[in-house]
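Listed below, chain by chain, are the residues.
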Amino acid sequence: MAFIEMRNIWQRHDGHDILKNINLRIDRGAVFALIGPTGAGKTTLLRLLDLIDTPAEGEIFLDGTKVTTTEKVRLEARRRMAFVLQKPVVFNMSVYDNVACALRWRGMPRRQVHERVEHILERVGLTEYGKRHARTLSGGEMQRVAIARAIVTGPELLLLDEPTANLDPVSASRIEDLIAGIIKHDVMTVVMATHDMLQGQRLADRISVLVDGEILQTGDPRDVFNSPRNRQIAEFVGVENILDGVVASNEGEMATIDINGTLIEAVTGYPVGEEVSVCMRPEDITVALSKYSSSARNSLAGEVTWAVDTGPLTRVEIDCGFPLVALVTRRSAEELGLKKGRQVYATFKVVSMHVIKRH
Amino acid sequence: MVELWHGLLRAVELIITFDPEVMQIAGRSLRIALTSAVIASVICIPVASIIHFNEFRGKRFLVSLIQTFYSIPTVAIGLFVFVFISSAGPLGFLGIIFTPAAIVVGQVLLITPILLGLTISALRGVDRTILDTARSLGASQMQMMVLTIREARFAVMAAVIMGFGRAISEVGISLMIGGNIRGATRVITTAISLETSKGDLEFALALGIILIFIALVVNIVMNRIQQR
């Protein structure tokens with residue numbers, strides 16, 4: 001039995017469908033990421049899960065019990081969860097009182113509250129901040145207070161909405177480490193919304209892609225990342241090379257695909273004449289000065305149109321009759337002299353390509 | 001002009017020598033207005049949060065109605081309360097006409113709309129995310145109300161002080177249902193009005209200065225609160 005289940009959930013606002021027929025099952029102990037662009041409905045979905053909003057249609061079950069009923073049932077269920085909202089807000093009181101709130105609301109005795117709060121403050125690295133007025137903290141510190149305040153009750157389900165969205169890179173990575181630590185040490189189910197595909201991949205063991213209020217794909221992060229089901233998902237998960245073509249021949253799933261007159265080999269079940277898109281990750285493309293001859297690879301001649309350093313990697317754009325983006329290490333880019341106008345061969349394994357049907 | 005100057009000097013003298021009559025009247029004024037402000041707060045803050053936290057038909061109308069009563073004339077309230085508590089009135093048996101208690105009743109009625117209205121706007125000023133956060137942390141409806149009042153405490157305090165300011169400066173109610181009885185219900189405003197008509201400007205001026213001083217203190221406190 002799934003720990004959380006959403007059945008046929010619809011949510012509407014001003015006549016618009018924000019969520020369309022959401023069905024989700026999340027197991028106890030799972031770390032589940034909802035990824036999708038801004039405005040896809042991630043926050044709406046989390047608010048429904050936390051039972052602070054009521055769905056227009058559909059039901060939510062927690063641990064097998066229907067919780068979309070009376071306010072009393074909802075409050076009880078809500079007290080088993082915690083929700084860290086996207087915009088970290090603190091109450092106008094000390095850091096200690098902020099963290100103690102949820103415990104006091106549950107009627108916990110003073111001494112126990114004190115123990116728990118001190119312990120949690122230490123965990124999030126805010127021990128010395130207890131007496132500080134929470135409104136004087138920085139964004140990253142506020143987010144830590146918000147997380148401390150949420151986990152202090154030992155929730156069975158932790159909901160995180162874009163936990164690092166409003167933070168600078170240093171604070172963001174601290175928060176991410178903190179969340180990774182919580183996932184590791186506390187046995188709780190986590191549902192997080194993020195527009196950062198890589199963050200989803202780093203933290204989650206299951207991912208759903210939510211676009212325009214619909215769940216388009218659910219699965220292992222690796223699967224979603226490498227085998228996006230359609231172009232929309234492919235674009236979102238950071239596949240930079242999406243090439244439109246037509247299947248020219250197919251013999252036992254070994255197909256050739258005609259892309260603007262250039263033939264490449266790929267593995268796919270789609271029949272001849274099918275309009276498809278070929279997805280390739282830039283890091284799967286190798287760049288060399290000579291042709292690579294191997295049957296399991298495509299090797300295409302092209303001309304470098306642009307090369308730019310991004311950290312330790314160099315991003316190279318190659319015109320092979322169609323534009324291709326490749327990522328190579330900066331060192332090899334220097335060795336190969338990858339500059340505009342350089343003639344090169346772009347090589348990629350047949351199995352590294354992912355073929356999807358065009359609509 | 002000379003008379004005015006002389007009056008002012010004499011007034012200051014009355015204040016710095018702690019003239020018993022002046023002090024007694026000023027003290028009574030403060031006590032009555034404070035009592036009214038406290039009673040009205042105890043009633044209005046919870047009622048305002050109930051109005052704020054519940055959606056019902058005619059809520060907007062109710063709020064505008066409350067705001068309309070901000071500037072209700074004190075004499076209207078004086079008359080209204082008089083009708084009820086005069087010895088022939090329905091509450092005449094209480095025997096509170098011409099007592100400080102009667103003034104308190106009138107002042108509470110006077111400042112209730114102000115306190116209600118300003119407290120409702122104070123609560124409205126609390127960010128929605130604060131409420132969502134509280135709810136997500138498992139606050140019950142009641143706990144949410146308490147937290148919201150706590151979050152808006154400075155604005156709520158400002159509302160209470162506004163109410164106090166209105167209570168201490170009103171004259172109609174104190175005069176009509178207090179009766180301006182020396183040693184019993186004579187307050188600053190009624191005394192000023194009486195002494196002025198009697199021609200005892202020094203005494204009136206001394207009380208006037210004290211009233212302005214109280215208003216000044218109230219204003220300073222309020223400004224400091226609003227700056228937080």
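As the structure is a prediction and not an experimental result, all values here were calculated from the model. (Residues numbered from 1 in each chain as written. Chains lettered and ligands numbered in written order. Predicted model: local features only at pLDDT ≥ 70, side-chain atom pairs only at ≥ 80, totals over all residues.)

Concerning the overall build of chain B
Each helix and strand counted, chain B has 11 helices and zero strands in total. In sequence order, the secondary structure elements of chain B are arranged as α-α-α-α-α-α-α-α-α-α-α. Based on the C-alpha atoms only, the size of chain B along its principal axes is roughly 65 × 45 × 25 Å. Counting across all 228 residues of chain B, residues that qualify as buried make up 39%. Intrachain contacts of chain B at a sequence separation of at least 6 include 77% that bridge at least 24 residues. (Helix = DSSP H or I, 4+ residues; strand = E, 2+ residues; numbered from the N terminus. Buried ≥ 20, exposed ≤ 12 C-beta atoms within 10 Å, placed from the backbone. Contact = placed C-beta atoms within 7 Å.)

Things to note about the overall build of chain A
From N to C terminus, chain A includes 10 helices and 20 strands. By principal-axis analysis of the C-alpha atoms, chain A measures approximately 75 × 45 × 35 Å. Residues classed as buried in chain A amount to 40% of the 359 residues present. Of all intrachain contacts in chain A linking residues separated by at least 6 positions in sequence, the fraction that spans at least 24 positions is 65%.

A look at the domain arrangement of chain A
All names here are of chain A. Each domain of chain A was delimited in the assignment, giving domain 1 (4–232) and domain 2 (239–357). Opposite the six residues of domain 1 that make contact, domain 2 presents six residues. Of the residues contributing to the side of domain 1 that touches domain 2, the split by class is one nonpolar, three polar and two charged. (Domains from an automatic or database assignment. Nonpolar A, V, L, I, M, F, W, Y, C, P; charged D, E, K, R; others polar.)

With respect to the nonpolar core
Nonpolar side chains in soluble globular proteins tend to end up buried together. Formed by 108 residues in total, the largest nonpolar core has its most connected members in A:V99, A:A148, A:L159, A:V191, A:V278, A:V316 and A:A346. Tallying contributions element by element places helix 3 (residues 95–105) of chain A first for this core, with eight residues. Counting the residues that make up this core, at least three belong to each of domain 1 (4–232) and domain 2 (239–357) of chain A. Those residues within four positions of A:A148 in sequence are excluded, and the remaining contacts are A:V99, A:I120, A:L121, A:V124 and A:L126. Counting residues in each nonpolar core, the second largest holds 56 residues, with B:I45, B:I85, B:V104 and B:I114 among its members. (Core = buried A, V, L, I, M, F, W, Y, C linked by C-beta atoms within 7 Å.)

Quick look at the environment of A:L159
All names here are of chain A. Residue placement: L159 occurs in strand 7 (residues 157–161). Judged by the 24 C-beta atoms lying within 10 Å of it, L159 is buried. Taking the C-alpha atoms as reference points, L159 and I182, separated by 23 residues in sequence, lie 12 Å from one another. L159 has contacts with L46, L49, D50, M81, A82, F83, V84 and V191, leaving out every residue within four places of it along the chain.

Examining the packing of helix 2 (residues 20–53) of chain B against helix 11 (residues 201–227) of chain B
All names here are of chain B. As a packed pair, helix 2 and helix 11 sit with axes 11 Å apart at the nearest point and diverge in direction by 40°. Between helix 2 and helix 11, the angle is such that the two are oblique. The handedness of the crossing between helix 2 and helix 11 comes out as right-handed. Counting all contacts with helix 2, which are made through V22, I25 and A26, the residues of helix 11 involved are A206, L207 and I210. Classifying every residue of the contact of helix 2 with helix 11 by side-chain character gives six nonpolar, no polar and no charged. (Axes fitted to C-alpha atoms, helices over the stretch in contact; angles between N-to-C directions. Parallel < 35°, antiparallel > 145°, perpendicular 65-115°, else oblique. Left-handed = near helix turned anticlockwise from the far one by under 90°.)

Comments concerning helix 1 (residues 2–16) of chain B
When the terminal C-alpha atoms of helix 1 of chain B are compared, their 21 Å separation across 15 residues agrees well with the 21 Å that a helix rising 1.5 Å per residue should span. Following helix 1 of chain B by one or two positions, B:F18 has its phi on the positive side, about 50°. (Expected span 1.5 Å × (residues − 1).)

As for the pairing of strand 16 (residues 297–310) of chain A
Residue and element names in this part refer to chain A. Relative to strand 19 (residues 343–349), strand 16 runs antiparallel, the two being bridged by seven bridges. Directly across from N298, in strand 19, lies its bridge partner F348. One ladder, built from seven bridges, connects strand 16 with strand 17 (residues 313–319); its direction is antiparallel. Bridge pairing links A307 to V316 in strand 17. Connecting strand 16 to the antiparallel partner strand 17 that follows it, the hairpin turn spans two residues, and G311 within it adopts a positive phi of roughly 65°. (Pairing = 2+ DSSP bridges.)

Considerations on the confidence of the model for chain B
Taken over all residues, the pLDDT of chain B has a mean of 92, while the share at 70 or more is 100%. Taken element by element, the predicted model of chain B shows its lowest mean pLDDT in helix 1 of chain B (84) and its highest in helix 5 (residues 100–124) of chain B (96). (pLDDT = per-residue confidence, 0-100.)

What about the sheet that holds strand 2 (residues 16–26) of chain A?
All names here are of chain A. The sheet built from four strands is open, its strands ordered 2-1-4-5 with antiparallel pairing. Looking at strand neighbours, the two that pair on one side only are strand 2 and strand 5 (65–66), the edges of this open sheet. Bridging between strand 4 (residues 57–62) and strand 5 involves two bridges; their strand directions are antiparallel. Considered in strand 5, the bridge of L62 is made with T65.

Some points on the interface of chain B and chain A
Each side of the interface is counted separately: chain B has 14 residues, and chain A has 17 residues. Contributions of two or more residues to the side of chain B that touches chain A are made by helix 6 (128–136) and helix 7 (141–151) of chain B. Ranked by residue count, the leading element in the side of chain B that touches chain A is helix 6 of chain B, at six residues. Across the side of chain B that touches chain A, the residue classes break down as four nonpolar, six polar and four charged.

Digging into the sheet that holds strand 10 (residues 214–219) of chain A
All names here are of chain A. Spatially, the six strands line up as an open sheet ordered 6-7-8-3-9-10, and their pairing is mixed. The open sheet is flanked by strand 6 (81–84) and strand 10, the only strands paired with a single partner. Taken over all neighbouring pairs, the strand axes of this sheet differ in orientation by 15° on average, direction set aside. Where strand 9 (residues 206–211) and strand 10 come together, five bridges link them in antiparallel fashion. Looking across to strand 10, one finds that V209 is bridged to Q217.

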